[in-house]
Amino acid sequence: MSGGGLLVYSDSNPPKRTLTADGQETKKKKVVVLGSGWGGYSFLSYLNNPNYDVQVVSPRNFFLFTPLLPSVTNGTVEARSIVEPIRGLMRKKGFEYTEAECVKIDASNKKILCRSKDASKDAKEFNMDYDILVVAVGAKPNTFNTPGVEENAHFLKEAEDALKIRQSVINSFERASLPDLTEEERKKILHFVVVGGGPTGVEFSAELHDFLVEDVAKIYPKVQEFTRITLLEAGDHILNMFDKRITAFAEEKFQRDGIDLKTKNMVVGVTADEISTKEIATGKIVSEPYGMVVWSTGIGIRPVIKEFMHQIGQGQRRVLATDEWLRVEGCDSVYALGDTATINQRRVMEDIAAIFSKADKGETGTLNKKEFKSVVKDICQRYPQVELYLKKKKLRNIANLLKSANGDDTKVNIETFKQALSEVDTQMKNLPATAQVASQQGKYLAKCFNKMEKCEKKPEGPLRFRGEGRHRFQPFRYRHFGSFAPDWVSIGHSSQWLWYSVYASKLVSWRTRSLVVSDWVRRFIFGRDSSSI
Ligand code: FAD
């Protein structure tokens, strides 16, 4: 079948077979993994079950170590140093890889439609069956439909983006160094605007500033005085997901470094020459000329996932919802992890209510202290996230809240309890879209798959509240190991090397580790490469 210049093939991979203990031949279950990022790569690295025929589909034939992506934009590290080719892992594990993008998930027929990466008219489309689908396609940059952003701004999400930014920065300096330009023209070309005061925008601004101070001063001394970095943020502060001290430190440092930080300013449009912002307090719109804009205001859902959500009755949601076992709600045999999905917290609350009323026997809506303790134990078993924060001495906060709400801590009311949980709990909010979460989810899911057969027979999870028996597995438990905070948040350059070694230890292979370390050494000795190739 063919259509619109695209050739469509049916699934060309016949199912693989395996031998059971008694010598019988059985068909292996086909696990299709979408994505080779933090979630997908981690899943594949830990997956070790010979009963699965694993097929990976991703338009990117490498894993990308995103925390060092901002360092690629100024040439501190090379793009090749922070990527790990996927083929090596495929060979080692005996998995198959197809360089393509999934364009449609047909959950009712357990099929996906893929398109080869080739953007030309020779692009191929083909179907692929699955028994189990693991969706780890990440997210796309969110423009909030701001006019002109797609056309005029750079994003910083992929290795190619970082390389384009690097070229664009160097080209800006070369253009600004041309003869016969007015001062205004040079100022415009060298006005770098970063939109979004989250970790990526902040880190990029800091990397750009380092480049201007450490290298541009030597390479382009004549135009250095015309450079300006503006960081625009719609909220009151930058890095508002971090501790207030980090925010304050970053804001002060930017002020010292001469980075023009404009908070409470929302971008309303970007043309080829100007960026327009609205001052939130006054509603006043101001337009400024710029040379280059980097857009980093968070992430949005990929079109393939949006369409899939409509199909399975999740059309009203913002993000694809899973349960705590990472199973996508509303369909069978599909798991989702990383930035593309979130664990549905509404169900968590419903289940807590169910546990509560079970203990309460549905009569009074209140429990005594002993009953309350057993309820908390049940909830903790089912919801490790809750346990995690109860352990952080938040239990005392709950007790206090209950006491103040009830005036009596011997009886606990379900509504007050639910309210108390939502007030004090940070762990139960949606998990952040970070590499830490995605890689832990990948590891968790692989470990579940590794013991699938054993746990089918002997479940290890907590009792179900909907339906009988036990769950096969323990639910996913996120462990926060601190933030990969921007390296410059560490106090100055002396401790920068400490961050560097932390990054180096997190890089996935000895090959990438040695490449990154040699990039750092090269930069230390020779400075950054300022060529625009
Ligand atoms: P990704 O890692 O984005 O992987 C998605 C994969 O799916 C890719 O291989 C992609 O090619 C593939 N894909 C896309 N579409 C399709 C499709 N249709 N079909 C098949 N495959 C598809 N997090 C931290 O914890 N610490 C940090 O310091 C940090 N720094 C960051 C810096 C930058 C510049 C950026 C952009 C992100 C940073 N993050 C950081 C966030 C972190 O990178 C993400 O949370 C993480 O990548 C999410 O992992 P994922 O597997 O969900 O998605």
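Residues numbered from 1 in each chain as written. Predicted model: local features only at pLDDT ≥ 70, side-chain atom pairs only at ≥ 80, totals over all residues. Heavy atoms only, no water.

Student: I'd like a description of the overall build of the chain, backed by residues and values.
Tutor: Secondary structure assignment for the chain yields 17 helices and 27 strands. In the chain, which comprises 533 residues, the proportion classed as buried is 49%. Taking as baseline every contact in the chain between residues at least 6 positions apart, the subset at least 24 positions apart corresponds to 63%. With an accessible surface of roughly 26500 Å², the chain has 53% of that area assigned to carbon and sulfur atoms. (Helix = DSSP H or I, 4+ residues; strand = E, 2+ residues; numbered from the N terminus. Buried < 20%, exposed > 50% of the residue type's maximum accessible area, 1.4 Å probe, protein only. Contact = heavy atoms within 4.5 Å. Areas by Shrake-Rupley, 256 points an atom, 1.4 Å probe, with all protein chains shown as cover.)

Student: Kindly report on the site of the ligand, identifying the contributing residues and their values.
Tutor: Looking at the ligand, there are 31 residues lining it, with Gly 39, Thr 66, Cys 102, Asp 339 and Ala 435 nearest. At 3.1 Å from an oxygen atom of the ligand is found a main-chain nitrogen or oxygen belonging to Trp 38. At a separation of 2.9 Å, a nitrogen atom of the ligand approaches a polar backbone atom of Cys 102. In isolation the ligand offers 1000 Å² of accessible surface; the protein chains occlude 92% of this area. At the level of secondary structure, the elements contributing two or more residues to the shell around the ligand comprise helix 1 (38–46), strand 6 (52–58), helix 2 (69–72), strand 9 (96–106) and helix 14 (435–450). For the shell around the ligand, a count of residues per class yields 15 nonpolar, 11 polar and five charged. (Near = heavy atom within 4 Å. Polar contact = N/O pair within 3.5 Å; in protein donor to acceptor, adjacent residues only side chain to side chain. Nonpolar A, V, L, I, M, F, W, Y, C, P; charged D, E, K, R; others polar.)

Student: Break down the nonpolar core for me, citing the residues and quoting the values.
Tutor: Ranked by internal contacts, the top residues of the largest apolar core, which has 81 residues, are Phe 43, Leu 44, Phe 173 and Phe 449. No other element matches helix 14, which puts eight residues into this core. For Phe 449, the residues in contact, after removing those within four places along its chain, are Val 31, Phe 43, Leu 47, Asn 49, Tyr 52, Ile 132, Val 134 and Tyr 335. Core analysis: the next-biggest nonpolar cluster, separate from the first, contains 27 residues, Val 32, Ile 112, Tyr 130 and Leu 320 among them. (Core = buried A, V, L, I, M, F, W, Y, C linked by side-chain atoms within 4.5 Å.)

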